[in-house]
Structures are given as structure tokens and as C-alpha cells.
There are 4 protein chains.
Amino acid sequence: MLSIQRLDLADAGLMIEGAAAHAREIGVPMCIAVTDESGNLIAFERMDGGKVTSITVAQDKAFTAAAARKATHEYNQACTPGNLVFGIHTALGGRLSVVGGGLPVLVEGAVVGGIGISSGTPQQDMACAQAGIEHWRRHQG
Amino acid sequence: MLSIQRLDLADAGLMIEGAAAHAREIGVPMCIAVTDESGNLIAFERMDGGKVTSITVAQDKAFTAAAARKATHEYNQACTPGNLVFGIHTALGGRLSVVGGGLPVLVEGAVVGGIGISSGTPQQDMACAQAGIEHWRRHQG
Amino acid sequence: MLSIQRLDLADAGLMIEGAAAHAREIGVPMCIAVTDESGNLIAFERMDGGKVTSITVAQDKAFTAAAARKATHEYNQACTPGNLVFGIHTALGGRLSVVGGGLPVLVEGAVVGGIGISSGTPQQDMACAQAGIEHWRRHQG
Amino acid sequence: MLSIQRLDLADAGLMIEGAAAHAREIGVPMCIAVTDESGNLIAFERMDGGKVTSITVAQDKAFTAAAARKATHEYNQACTPGNLVFGIHTALGGRLSVVGGGLPVLVEGAVVGGIGISSGTPQQDMACAQAGIEHWRRHQG
């Protein structure tokens, strides 16, 4: 038997709160998804004005970051033609996302969940994901 | 050009709040999804203990209720062998849900969104969906 | 609650009329799709001789342009290996199209729909999409 | 944060051993799948002679039993036309299985995984799933 730690709904709420606060600061309404360590969705919010396509993309980024235990922008850097990782972006019917904006959430070196952001540029998405994690770290019980 | 009214994120938050309160009263942790009038997700919460399969089922119920403008339990009643509606439950790759627990949200006769609940019995899911809508009606601005 | 403007069927008909007129001028029978602002199809026409694969591609271009609020050729320019957007072309099961020929339709800065064209070269598709929007602008009530 | 218990690979190996032993006794080569508590596959074996279609069906049964925390034959009993659960069998693209042969695995009342069997009659599949769980209970550390 394995013992696993994973985010709960309160953790997810804090991450969404932090990511949304940064999104408002930069003036980009975002789709924000938080998954557990297996990649299954815990909570999602589409800020008013978030993109419809980003509903799925944000979830897929969070899924990928958690389930593959890797930031999606790291996959992106490796996913170039000629590199043996290339093609991973079509795996799982395209659900494995290599677009920047998905970050794994770690506690003592173990992945406990993932956060995925979409609607801005990848850099904006990444900054909001990071802000969500940092807000959670400051406020968790 | 058409003018459409749809739920915003604050509306969705109120519905989730009301549905979750009822879920706690009956002691069943639920997956709760709220979509806009086109069936696109606005917000989602998996209460701690909600089922993994219900992540998708709740979203599909909300999608169906909003996009088909019909409660999923009404589709269920019509979806019996020999009735010409039978088979609708496999439409859209099974995304069209006929399982009780999805309700359209109406304002002055027009559908503005949908709410879908999953993890309990259909009757429990339906009661939480109704509680979500009623909580929203009492508290909207 | 949000108030949204979206194309109606008469708008979509005008766009198809304009796109088809340009298609006849250049001698390329096209598939022409018009969606609302959420990316859901309003009208579609396959001109006699339009390609079967383009039935889906045209719809995906229109969906992407509307739901992501971005021309598909702009996604194409950003979707190069090493760029953090790379991989977006496989999102949503490949339904997010980065092939030129999808344009968002704007009214006073807000996206009210999308048009997608397929069967010619991307340049031909883009020209027909633009012609559809311009015809609509000249003739809308 | 939540703490979760889930099966490990040694547990899954014991379940497959027990299920396969029963399958040999009744002379039916089976496909045997074991998932963790989130429904993700831990181990799979197709005994020589197991059916190709059962590769997927066994996995879907194990997934459903774990992720929905319910034996698939219980879903089957409820999934009759006119019952509000009807239609659940097409959810998740049909991946939610209501065919007998999937059992959740519980430890102290909590689901820690699922086992799914396919290639025989549902009764044979159910008996092998049960044999797998019992073998594991007898032999786990």
C-alpha cells in the first residue's frame, strides 16, 4: 500500500484566489484549473472574459503538470523536432499539453497536485500559475 | 445580431455555494459544475470525497441542461426503448447526459446557464442542483 | 449576469454569401462555416466541389477564431517549435486549429462570432473569410 | 491536504495472481486489470487466449469500480430504462462500465483501488475479480 498526499478543495481555492488576483493585476481574465496529484480536477474558474478554448487547455495543463510531474513549459522546451521527446504533445489525444502555463505543486519533493492557467500569453499564464502556488504557500493552514 | 444573457462567475459561485451547503446537510460530497447558456464551463468544485467519475458527469449534466435547455431527468423519462427519443443518451459521444442531476437556469423564461451535480443518487444530485439555483435566486444582486 | 452580443442566422447568411462570391471569383469551391461567439456553429455550406475533410476543418477554424478570439493564422505564426505556444495545435483533440483561414468577427471590440474557410490554400481561405466579413459589414441592417 | 491510501504494484500483482488462478480453475483465459483509487492503471495481464476487446473492457471495469467507488454490477442493476441512473453507461465516452466484473477494493471502508475482469460471462468475470481480492487479503503483508 502507498500513502499519498494530495491537495484538498481548500488548497485549490487558495490557488485559484492567488492566480485570479495576479490575473486582475495584469488585466487578463483567465481560466484557472487545479487538479490533484493524479491529474483529476478539483476546482476550476473561468473569470468573466476568459476564453472558451482555455476551459479545456487550462485543465489539460494542470493535468499534465500533475500527472507527468513536470511543468508544461519544460515539456515545451524539449518538444522540438529532432529531439526524441518530440511528439509528446499529441499524446493522450492531445490532452498532454506542452504549452506554457501548467505547474506541478510540490510538498517536500512530492507532487500533490497541479495548476493550469490559460487565456493570456504563455508567460502571463505561467506568472499566474506561480502566483497561485505562492499565495497558497503563504496562506495554507 | 442577438443579445444573450448569461451567468457570470459570481452567479456560478453562488450556485456552487448553495449546492455545497445542501450536500453537506445530507452528508454526500458532490461534484458541482456550472455552465453558461452555451454549455461552456464557468466554475467547478469537487468537494473532498466527491467521485472521480463525477468530475465529467457533473459537467456533462450541466452542459446538457444548458445547451439542450432541458433538465436531464426529463430526458431520462423520455429516453426509454421504443420512444423515439431513445438513443439521445449516446449523442455527442455520450456527453449528452440523461442521468438526473442537471438543471437549466432560467431568467424570465430564457436559459442563462446550467448546473450539474454528481456523486450521490440522482435524487440527491437533483436536490443539490435545485438548492444551488434557489440559493442564487435569494442572493443575486 | 453578463450581456453578450452574437451573430444571428441572417448575419451568418450574409457572411457565407460574401465568402462564396469570392470563392467563385477565384474558382475554388469552399467549405464555409460561421459560429457564434462561443464557437458553436450557426451555418455551414459546402459549395459543390468543396472537400470532405474541409467540412471539419472549416468548422474548427471558425470555432477557434471565435472561442479563442484570435485569427488562426496568428496562432500559426506563434506555434513554432521552441515557442511556448507550440503544442496548442493539438489541444481539444486537434480541434483548436492553427491553419490559416479562421477569423474572429468583431463588433466594437467584442468578438460576436467566427468564420472559417477550407478547401483552398490558406491564403485563398483567408481571403474568402475576409470577403465574408466585409460583405456582412456592408449589408448588415 | 488529504492523505490517501492506494494499492501498490505488489498489491496489484497479488490480485492478478488470485484472479488468474481462479480463471485457470474454470478454464477461461481472462484480461485482468488493477487500478489505483483514482482509477489509473497499476497492472494488467491478458492471459494467453484472453479477448482483445476485453483489454479495454477490463480496464474500464476497474476504472469505474475504483473511481465511482461502486461495483459495476451494482450500476448494472440500477441502469434500467425509466430509472434516473439510466444513461450512466454512456458517460465518459462509454468508459464508465456497467457490465458485471468490476469491484472496488476497500480497506477500512475507504476505496484503495479497483479490479476489473473481462473475457468470460459477467458471472465468471465477477467470480475472478472476487478471487483476486480474496487472494490479496490472505497474502498482503
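Whatever comes next refers back to the structure up there.
The structure presented is a predicted model; accordingly, all values stated were derived computationally and were not measured. Every chain begins its residue count from 1, and numbering advances along the sequence as written. Here chains are named by letter from A upward and ligands by number from 1 upward, in the order in which they appear as written. With the structure being a predicted model, the display of local features is reserved for residues of pLDDT at least 70 and the display and counting of side-chain atom pairs for 80 or more, all residues being used for whole-chain, interface and lining totals. Water and hydrogen atoms play no part in the side-chain values, which are based on all heavy atoms of the structure.

Trainee: Explain the pattern of salt bridges here, please?
Mentor: It is possible for side chains bearing opposite charge to pair when their charged atoms get close. All names here are of chain D. Every case where a carboxyl oxygen of Asp or Glu lies within 4 Å of a side-chain nitrogen of Lys or Arg is listed as a salt bridge. Applying the stated criterion across every chain yields a total of 19 salt bridges over all chains. Across the pair D125 and K61 runs a salt bridge whose closest N-O atoms are separated by 3.0 Å. Taken together, the positions of D125 in helix α4 (residues 122-139) and K61 in helix α2 (residues 53-67) put the pair 64 residues apart, joining distant regions of the chain. The exposure classification of D125 matches that of K61, with both residues buried. Starting at the N terminus, helices and strands are each numbered in turn, a helix being any DSSP run of H or I of at least four residues and a strand any DSSP run of E of at least two. Exposure categories follow from relative accessible area, calculated using a 1.4 Å probe and restricted to protein chains: below 20% of the type maximum is buried, above 50% is exposed, and the middle band is partly exposed.

Trainee: Teacher, can you tell me more about the interface of chain A and chain C here?
Mentor: The extent of an interface is frequently quoted as the accessible surface area lost upon association of the parts. At the interface, 25 residues of chain A touch 22 residues of chain C. Once two parts are joined, some of their accessible surface, as seen by a 1.4 Å probe, is lost; buried area is that loss totalled over both. Counting each side, the surface lost to burial between chain A and chain C is near 1,700 Å², with a carbon and sulfur contribution of 65%. Viewed at the interface, chain C and chain A are joined by zero salt bridges. Contacts described as polar in this section are N or O atom pairs within 3.5 Å, which, within protein, must combine one atom able to donate a hydrogen with one able to accept it, while residues neighboring in sequence count only if both atoms come from side chains. Inspection of the chain A/chain C interface yields eight residue pairs in polar contact (both at pLDDT 80 or more). Where the side of chain A that touches chain C is concerned, the elements lending two or more residues are α2 (52-67), α3 (72-78) and α4 (122-139) of chain A. Element by element, the count of residues in the side of chain A that touches chain C is highest for α2 of chain A, at four residues. By residue class, the composition of the side of chain A that touches chain C is nine nonpolar, 14 polar and two charged. What makes two residues a contact is simply this: any of their non-hydrogen atoms within 4.5 Å. Residues are grouped as follows: nonpolar covers Ala, Val, Leu, Ile, Met, Phe, Trp, Tyr, Cys and Pro; charged covers Asp, Glu, Lys and Arg; every other residue, Gly included, is treated as polar.

Trainee: Please explain α2 of chain A as it appears in this structure.
Mentor: The periodicity of an α-helix, 3.6 residues per turn, causes residues three or four positions apart to be oriented the same way. All names here are of chain A. In this analysis, the expected span of each helix is defined as 1.5 Å times one less than the number of residues it contains. The first and last C-alpha atoms of α2 sit 23 Å apart over 16 residues, in line with the 22 Å expected at 1.5 Å per residue. Most of α2 sits inside the fold, with 14 of its 16 residues counted as buried. Just downstream of α2, R69 is the residue with a positive phi angle, here 55°.

Trainee: Whenever I open this one, the sheet that holds strand β4 (residues 102-107) of chain D confuses me. Can you help?
Mentor: All names here are of chain D. We call two strands paired when DSSP finds no fewer than two bridges between them. With antiparallel pairing, the four strands of this open sheet are ordered in space as β3-β2-β5-β4. Unpaired on one side and paired on the other, β3 (41-46) and β4 mark the two borders of the sheet. Shown here is a sheet whose adjacent strand axes are inclined to one another by a mean of 15°, direction ignored. Inspection of the sheet shows strand β2 (residues 31-36) paired to β3 by five bridges, in the antiparallel sense. Among the inter-strand pairings, C31 is bridged to a residue of β3, identified as R46. Against the sheet, α2 engages β2, β3, β4 and β5 (110-118), with an angle of about 160° to β5. Every axis corresponds to a line fitted to the C-alpha atoms, with the helix fit spanning only the stretch in contact, and the corresponding angles, defined between N-to-C directions, vary from 0 to 180 degrees. Here α4 sits on the sheet and contacts β4 and β5; the angle it forms with β4, its principal contact strand, is near 20°.

Trainee: Looking at this model, I keep getting lost on the relation of the copies chain D and chain B. Mind explaining?
Mentor: Least squares is the method used to superpose the copies, on C-alpha atoms of residues holding a pLDDT of at least 70 in both. Superposing chain D onto chain B requires a rotation of 92° together with a translation of 0.1 Å along the rotation axis, leaving an RMSD of 0.1 Å. With respect to symmetry, the two chain copies, as superposed, fit the operation of a four-fold axis. Taking C-alpha positions as the reference, the residue of chain D nearest the rotation axis is G93 of chain D, at 3.7 Å.

Trainee: In this structure, what is going on with the sheet that holds strand β2 (residues 31-36) of chain C? I would like to understand it.
Mentor: Each strand in a sheet pairs with another by means of backbone hydrogen bonds, the pair being arranged parallel or else antiparallel. All names here are of chain C. Read from one edge of the open sheet, four strands run β3-β2-β5-β4, paired in antiparallel fashion. With partners counted over all chains shown, the strands left at the sheet margins are β3 (41-46) and β4 (102-107), one partner each. Within this sheet the neighbouring strands show an average axis-to-axis angle of 15°, counted without direction. The pairing of β4 with strand β5 (residues 110-118) spans six bridges and is classified as antiparallel. Within β5, the position partnered with L106 by the bridge is V111. Of the strands in this sheet, β2, β3, β4 and β5 touch helix α2 (residues 52-67), which is tilted by about 160° from β5.

Trainee: How should the packing of aromatic side chains be read in this particular structure?
Mentor: The geometry of an aromatic ring pair is captured by two quantities: the separation of the ring centres and the angle between the planes. Geometry of aromatic contacts follows a simple scheme: Phe, Tyr and Trp rings, the Trp one being its six-membered ring, pair when their centres are within 6.5 Å, and the pair is stacked under 30 degrees between planes, edge-to-face over 60, tilted otherwise. Per the counting criterion, the structure on display carries two aromatic pairs over all chains. Measuring from centroid to centroid gives 6.2 Å for F86 of chain A and F86 of chain C, while their planes differ by 25°, and the two rings are stacked. Of this pair, F86 of chain A sits in the loop between α3 and β4 (102-107) while F86 of chain C sits in the loop between α3 (72-78) and β4, which puts the two residues in different chains. For F86 of chain A, a relative accessible area of 36% puts it in the partly exposed group. What makes F86 of chain C buried here is its relative accessible area of 5%. Only when the NZ atom of a Lys or the CZ atom of an Arg is both within 6 Å of the ring centre and within 35 degrees of the ring normal do we say a charge sits over the ring. Against the face of F63 of chain A rests R95 of chain A, its NZ or CZ located 3.8 Å from the ring centre. The cationic tip of K70 of chain B hangs over the ring face of Y75 of chain B; the distance from NZ or CZ to the ring centre is 5.3 Å.

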